Amino acid sequence: MNYKKYLPNTLHKSNDTSAIVAALIAGIAIGAAIGILFAPDSGAETRSQISDKAKDLAGSLKDKVQAVKEGFQSRAEDLSDLKDQAVNSVKSKVSGAEDATTGSQA
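I will try to describe carefully the structure that is included in this document. (Residues numbered from 1 in each chain as written. Predicted model: local features only at pLDDT ≥ 70, side-chain atom pairs only at ≥ 80, totals over all residues. Heavy atoms only, no water.)

### Describing a nonpolar patch on the surface
This is how it is decided: Note that patches include only residues with greater than 30% relative accessible area and no salt bridge, and the join distances are 9 Å for like charges and 5 Å for nonpolar side chains (Val, Leu, Ile, Met, Phe, Trp, Tyr). Where accessible areas are quoted, they stem from the Shrake-Rupley method and a 1.4 Å probe; at the residue level, only the protein chains shown are allowed to cover. Salt-bridge detection follows one rule: a side-chain nitrogen of Lys or Arg within 4 Å of a carboxyl oxygen of Asp or Glu. Only DSSP runs of H or I reaching four residues or more are called helices, and only runs of E reaching two or more are called strands; each is numbered from the N terminus. Relative accessibility decides the category of a residue: with a 1.4 Å probe and only protein chains considered, values under 20% of the type maximum give buried, values over 50% give exposed, and everything between is partly exposed.
On the surface, Ile30, Ile34, Leu37, Phe38 and Ile50 cluster together into a nonpolar patch covering about 520 Å² of accessible area. Broken down by element, the residue count for the nonpolar patch peaks at three residues, all from helix α2 (residues 18–37). Looking at the secondary structure, you find phenylalanine 38 in the loop between α2 and α3 (43–105). On the basis of relative accessible area, phenylalanine 38 is assigned to the exposed category, the value being 71%.

Structural data, given as structure tokens:
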């Protein structure tokens, strides 16, 4: 199925699928809320269900944000370590070149 013809041009021009996934999740959430609203439960019970689902969704979102944050922190630490290795490598090469220059002058 060619879903791109049903989406606005701005969504499928880029290779970034995050907008499509976000739209899909929003559609699922809206559909679930409408389904609950039309369920044969009482108003208080329906509001309670909506509140519970919203809390679950918020908790899930917090967990995902925390996981992404930890991933960024891990990558930042890796980049910092790589930077330190590069600096140390350059320093050792400069020191070796200075020693070679000093040794040839003596």
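The discussion continues.
### Side note on the pattern of salt bridges
Applying the stated rule across the entire model yields one salt bridge. Between lysine 83 and aspartate 84 there is a salt bridge whose closest N-O contact spans 3.0 Å.

### What about the environment of alanine 29?
Structurally, alanine 29 is set in helix α2. Distance from alanine 29 to alanine 54, taken between C-alpha atoms, is 9.4 Å for residues 25 residues apart in sequence.

### Describing the environment of aspartate 41
Here is the rule: Whether two residues are in contact is decided by their heavy atoms: any pair within 4.5 Å suffices.
Its location among the elements puts aspartate 41 in the loop between α2 and α3. Judged by relative accessible area, which is 30%, aspartate 41 ranks as partly exposed. Not counting residues within four places of it along the chain, the set of residues in contact with aspartate 41 comprises Thr46 and Gln49.

Remember, this is a structural readout, not a statement about activity or role.
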